[in-house]
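The primary structure of each chain is shown beneath.
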Amino acid sequence: MAKASVWAIIPRLLSSLFRSDVPLRSKALLLLGLVYLISPIDLVPDVIVGIGWIDDLIIVPLLGWLSFRGLPEATQDNMVRDEPVIDAAKPVSRKWLYLVIVIAVIVAIVMLTGPDGRMFRN
């Protein structure tokens, strides 16, 4: 059995936020990484071009890796498989995924507009 690529594991790791067999610590680490990624507050400001993005490129994958390592072995094996394991008796609902995307877009818009309601300041 071949292992899935990193790009195939990322969506499966994000879907682990809604699974009941995933420990709370793993979910918290993954959420912390996502919040850090979209947050305007960084260890090194992003206005310093190049250097400001390095902390994002290090911290976010590190938190994702720690989240993955905190999963039970069976759940890790399920995420690394090439083919997704879907129970035929239970339909897969994507409403939570869409809800998370809508909330992320709303948060991004609010963060871009700022407290005065203008998109870009002069």
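Before going into details, it helps to say that this report is about the structure given with it. (Residues numbered from 1 in each chain as written. Predicted model: local features only at pLDDT ≥ 70, side-chain atom pairs only at ≥ 80, totals over all residues. Heavy atoms only, no water.)

1. So, the overall build of the chain
1) Next: A count of helical and extended segments in the chain gives 5 helices and 0 strands.
2) Next: Each helix and strand of the chain, ordered N terminal to C terminal, gives the series α-α-α-α-α.
3) Next: Relative to its 122 residues, the chain shows a buried fraction of 25%.
4) Next: Within the structure as shown, the chain displays about 9,200 Å² of accessible surface, and the carbon and sulfur contribution to it stands at 72%. (Helix = DSSP H or I, 4+ residues; strand = E, 2+ residues; numbered from the N terminus. Buried < 20%, exposed > 50% of the residue type's maximum accessible area, 1.4 Å probe, protein only. Areas by Shrake-Rupley, 256 points an atom, 1.4 Å probe, with all protein chains shown as cover.)

2. Quick notes on the nonpolar core
1) Next: If you look at the biggest cluster of nonpolar residues, it comprises 9 residues: I9, L13, L17, V22, L30, F68, L71, M79 and V80.
2) Next: Not counting residues up to four positions away in its chain, the partners in contact with L30 are L13, L14, S16, L17 and S67.
3) Next: In this structure, L29, Y36, V60 and L63 belong to the second largest nonpolar core, which totals 5 residues. (Core = buried A, V, L, I, M, F, W, Y, C linked by side-chain atoms within 4.5 Å. Contact = heavy atoms within 4.5 Å.)

3. Re helix α3 (residues 51–69)
An α-helix turns once every 3.6 residues. As a result, residues three or four positions apart point the same way.
1) Next: A rise of 1.5 Å per residue sets the reference length of α3, with its 19 residues, at 27 Å; its end C-alpha atoms lie 28 Å apart and thus fit the reference within 8%.
2) Next: Regarding α3, the residues found buried are G52, D55, D56, I59, V60, L63, G64, S67 and F68. (Expected span 1.5 Å × (residues − 1).)

4. Brief notes about the side chain of K27
1) Next: Position of K27 relative to the elements: it lies in helix α2 (residues 24–38).
2) Next: As a buried residue without a salt bridge, K27 has its nearest oppositely charged side chain in D21, at a separation of 7.2 Å.
3) Next: Leaving out residues up to four positions away in the same chain, K27 has contacts with S16, L17, R19 and V22. (Lys, Arg positive; Asp, Glu negative; His and termini not counted. Salt bridge = Lys/Arg side-chain N within 4 Å of Asp/Glu carboxyl O.)

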